[in-house]
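Results of the structural survey
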Amino acid sequence: MRRFVTTALFLTAFAAPSAWAADGTSGEQLLPMPPERVWRAVQQALADRGADHAEVLVLDGARYEARLRPEALAGADLRLDVDWDTRTGGTRLRWSATAPEAQAHAAAWVQRLAERAGRLRASNQLCRGPHPTAEEIEAAQIEIPASCEYSTGHFSTALFELEKCGDFDTALQIMADCVKRRHAGGLIRLSQYFDLGYGVPKRPERVVEFLRLAMDSDNEGYARLARLHYATALHFGLGVAPDRAAARRLFEDLAREGQADAQEFLRLGHHGAWLRPDGQRFRDTPAASSAAAVSRDDSGNDMSYGAFVNSDKRIKCLYGYAADKTGDHAAAVRIFEDCISRWNDPYSIIWLSHLLENGHGVPRDLPRAVQLLRRGAEHPDTSGYATLARYHYGMALAQGQGVPADPEQARHWLRRAAQEGLGEAREALARLDAGPDNRAHAR
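Overview of the structure. (Residues numbered from 1 in each chain as written. Predicted model: local features only at pLDDT ≥ 70, side-chain atom pairs only at ≥ 80, totals over all residues. Heavy atoms only, no water.)

Within the secondary structure, L190 sits in helix α6 (residues 184-196). For the pair L190 and A176, spaced 14 residues apart in sequence, the C-alpha separation works out to 9.3 Å. Among residues more than four places away in sequence, those in contact with L190 are W84, L172, M175, V179 and F210. (Helix = DSSP H or I, 4+ residues; strand = E, 2+ residues; numbered from the N terminus. Contact = heavy atoms within 4.5 Å.)

Another aspect to go through is helix α17 (residues 423-434). The end-to-end C-alpha distance of α17, which contains twelve residues, comes to 17 Å, matching closely the 16 Å that a straight helix rising 1.5 Å per residue would cover. All of the buried residues in α17 are G423, E424, A425, A428, L429 and L432. (Expected span 1.5 Å × (residues − 1). Buried < 20%, exposed > 50% of the residue type's maximum accessible area, 1.4 Å probe, protein only.)

It is worth spelling out the state of the cysteines at this point. Two cysteines whose sulfur atoms are joined by a covalent bond form what is called a disulfide. Within this structure, the stated rule accounts for one disulfide. Disulfide partner of C317: C339, at an S-S distance of 2.2 Å. Classification of the bridge connecting C317 and C339 rests on its S-S torsion, roughly -110°, and on that basis the disulfide is left-handed. Within this pair, whereas C317 is found in helix α11 (residues 316-325), its partner C339 is found in helix α12 (residues 329-343), the two being separated by 22 residues in sequence. For C317, a relative accessible area of 2% corresponds to the buried category. (Disulfide = S-S within 2.5 Å.)

Side chains that are three or four residues apart share a direction in an α-helix, a result of its 3.6 residues per turn. Compared with an ideal rise of 1.5 Å per residue, which puts 13 residues at 18 Å, helix α13 (residues 346-358) spans 19 Å between its outermost C-alpha atoms and is within 8% of the ideal. Counting buried residues in α13 gives eleven out of 13 residues, a clear majority hidden from the surface. By the burial criterion, the buried members of α13 are P346, Y347, S348, I349, I350, W351, L352, S353, H354, L355 and L356. A positive phi of about 70° marks G359, the residue just after α13.

What follows covers the packing of helix α1 (residues 35-47) against helix α2 (residues 103-119). Relative orientation of the contacting elements α1 and α2 amounts to 115°, with a least axis distance of 8 Å. Crossing angle aside, the handedness with which α1 passes α2 is right-handed. From α1, R37, V38, A41, V42, Q44 and A45 reach across to α2, where they touch W109, L113, R116 and A117. Per-class residue counts for the contact of α1 with α2 are seven nonpolar, one polar and two charged. (Axes fitted to C-alpha atoms, helices over the stretch in contact; angles between N-to-C directions. Left-handed = near helix turned anticlockwise from the far one by under 90°. Nonpolar A, V, L, I, M, F, W, Y, C, P; charged D, E, K, R; others polar.)

As enumerated under the stated definition, the model contains 14 aromatic pairs in all. An angle of 5° between the planes, with centres 5.2 Å apart, marks the rings of W39 and Y64 as stacked. In this pair, W39 is assigned in helix α1 and Y64 in the loop between β2 (54-60) and β3 (65-70), connecting sequence segments 25 residues apart. Ring centres of Y347 and Y385 lie 5.0 Å apart, and the angle between their planes is 85°; on these two criteria the pair is classed as edge-to-face. Of this pair, Y347 sits in helix α13 while Y385 sits in helix α15 (residues 384-399); the two residues are 38 residues apart in sequence, bridging distant segments of the chain. Here Y347 matches Y385 in class, with each residue buried. Following the ring pairs from residue to residue traces out a cluster consisting of F236, F251, F265, W274 and F282. (Phe/Tyr/Trp six-rings, centres within 6.5 Å; stacked < 30°, edge-to-face > 60°.)

Structural data, given as structure tokens:
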């Protein structure tokens with residue numbers, strides 16, 4: 001298990017000036033933890049029958065918004081807004097009181113809330129549970145900066161592991177750096193955080209905010225995907241006022257560029273690139289549909305991972321991760337095994353080796369995990385997941401995990417990964433070259 005160490009980030013704000021600017025009856029605080037933890041503190045305060053107890057007038061657990069009547073405010077109401085701060089990667093907590101004379105009591109109530117949030121632990125951090133032992137913490141050492149600047153394949157895998165462990169403290173620090181760097185892949189993933197509520201509130205308007213930033217990226221592949229999602233938002237009115245004429249122009253432009261999902265949308269009135277939280281496609285009700293001809297065959301319309309277990313389409317490989325994340329390890333193994341057999345897919349190789357290493361859905365089998373990593377390391381690709389496989393295979397050889405230790409072969413594969421741009425491989429080589437005492441800390 002890896003540990004992702006964050007670094008302090010001092011970022012420029014990209015959002016418009018807050019409408020909650022502090023005045024006599026309102027205020028704003030920046031907190032270093034993610035919004036999900038601050039919202040848990042709100043819920044705890046509401047359940048507490050002590051001095052912080054408040055009557056609930058409105059409570060929106062999806063958007064992290066509340067209107068309360070704390071006993072200390074003597075009849076005045078307190079409005080809370082818990083959101084993510086792009087500058088710091090933490091929480092922007094905004095509040096307002098309905099009566100000027102309650103301002104001091106409201107500020108004190110919010111301060112106690114902030115202190116309560118600061119005492120809460122991160123949920124399931126590093127997959128060690130809420131109370132890891134000292135030995136477990138010590139066994140989880142690797143230093144990876146909270147940054148978007150390393151290779152896209154490794155960046156994606158780092159986020160997947162952080163999300164699976166519930167470590168949104170680190171994930172959202174990385175996302176703050178993605179906003180600073182205008183990293184299109186990170187911005188699209190951040191929009192999904194706000195769509196699904198991963199450590200942040202579910203806010204469609206923020207989904208659209210980050211899609212718009214990603215649309216202007218120099219990375220044409222990600223920019224095209226962002227335009228597809230933004231066109232979908234415009235068509236269905238997701239976080240933005242619906243504008244079907246503008247949406248259709250975007251879909252048509254993308255279709256002319258060969259974007260398959262845009263072509264599918266123009267043909268059927270829906271596509272599978274952006275799904276509802278229940279795994280189904282966004283689509284019009286029959287009365288609102290303007291598609292000229294919509295297929296009556298719904299056999300392929302269930303876009304949850306279950307629809308891909310037996311699919312012969314390579315896109316299924318991406319859904320193996322979704323199956324694993326929901327706890328259906330058996331389905332994940334079937335998807336990854338098939339993708340490796342059909343396409344020698346490096347992404348599937350990495351994830352199946354991870355499952356075998358940890359015994360998720362299959363018996364723990366370190367030798368086979370390493371055999372898969374070698375297969376991935378020998379893949380002809382020179383970037384992304386093949387590079388990552390070379391790094392992990394080199395580390396297995398360096399540590400003798402599932403394979404006899406072989407420092408020279410370890411250096412060979414780590415050197416290849418380093419030449420392909422993976423900074424962690426360069427650091428591991430430096431530690432190996434420093435002497436045998438450092439090999440145990442190379443991972």
